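What follows is the residue order along each chain.
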Amino acid sequence: DFDDAPHLLAFTRDWLLTLPPALNALLGAERVSPREYGTKLAVQMASGRYPRHVDNACADGGGPRDKRWITCIYYLQEPGWDAGGALRIYVDNDDDARGDAQGEGVDVAPTGDRLVCFFADRVVHEVLPAAADRWALTLWF
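Residues numbered from 1 in each chain as written. Predicted model: local features only at pLDDT ≥ 70, side-chain atom pairs only at ≥ 80, totals over all residues. Heavy atoms only, no water.

**Digging into the overall build of the protein**
Next, step 1: Along its length, the protein carries one helix and eight strands.
Next, step 2: Element order for the protein, N to C, with α for helix and β for strand: α-β-β-β-β-β-β-β-β.
Next, step 3: Looking at the protein residue by residue over its 141 residues, the buried ones come to 38%.
Next, step 4: Long-range contacts, defined as pairs at least 24 residues apart, comprise 81% of the intrachain contacts of the protein with a sequence gap of at least 6.
Next, step 5: For the protein, the computed accessible surface area is about 8300 Å², with 53% contributed by carbon and sulfur atoms. (Helix = DSSP H or I, 4+ residues; strand = E, 2+ residues; numbered from the N terminus. Buried < 20%, exposed > 50% of the residue type's maximum accessible area, 1.4 Å probe, protein only. Contact = heavy atoms within 4.5 Å. Areas by Shrake-Rupley, 256 points an atom, 1.4 Å probe, with all protein chains shown as cover.)

In structure tokens form, the structure reads like this:
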């Protein structure tokens, strides 16, 4: 809804100010900067999906430079939303940045007000189909 846009922009700004210090403290490194980031507001239409992939497949130097190191996804559904669209993370991907890992998947439900963070250059994942439109705000650092 267009009327919600200013609130979403303010929320994104707050995220950019608070997430980098929290991630740096968790990781024990000063690698995440609020000055270098990317954003995407994704509306996955009902029955849509994202195939298995990594967000930064260029980490091995085989493609154009891509600085994305951490992916953070915040789900914008109402709490308790249950219409599918899970994020499937492959836990045994053997650091396979091509996105064709054969490991076991762990599903994370896109419950509203949930934040999921993972390494953009290592974690193979996909988004499963949903029965209703699914909203997610993604930030890459």
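**Remarks on the pattern of salt bridges**
Next, step 1: The tally for this structure, following the rule as stated, stands at four salt bridges.
Next, step 2: Between aspartate 14 and arginine 13 there is a salt bridge, with the nearest N and O atoms lying 3.7 Å from each other.
Next, step 3: Arginine 49 is the salt-bridge partner of glutamate 126, the closest N and O atoms lying 2.4 Å from each other. Taken together, the positions of glutamate 126 in strand β7 (residues 125-127) and arginine 49 in the loop between β1 (38-44) and β2 (50-53) put the pair 77 residues apart, joining distant regions of the chain.
Next, step 4: Looking at glutamate 126, the relative accessible area reads 6%, which means it is buried.
Next, step 5: Of the residues examined, arginine 49 reaches a relative accessible area of 42% and is grouped as partly exposed. (Salt bridge = Lys/Arg side-chain N within 4 Å of Asp/Glu carboxyl O.)

**Some words on unusual backbone geometry**
Next, step 1: Phi is positive for serine 47, close to 75°, though the residue is something other than glycine.
Next, step 2: With respect to the helices and strands, serine 47 occurs in the loop between β1 and β2.
Next, step 3: Given a relative accessible area of 58%, serine 47 falls into the exposed group.
Next, step 4: The backbone of aspartate 113 sits at a positive phi, close to 70°, despite the residue not being glycine.
Next, step 5: Mapped onto the secondary structure, aspartate 113 falls in the loop between β5 (105-108) and β6 (115-119).

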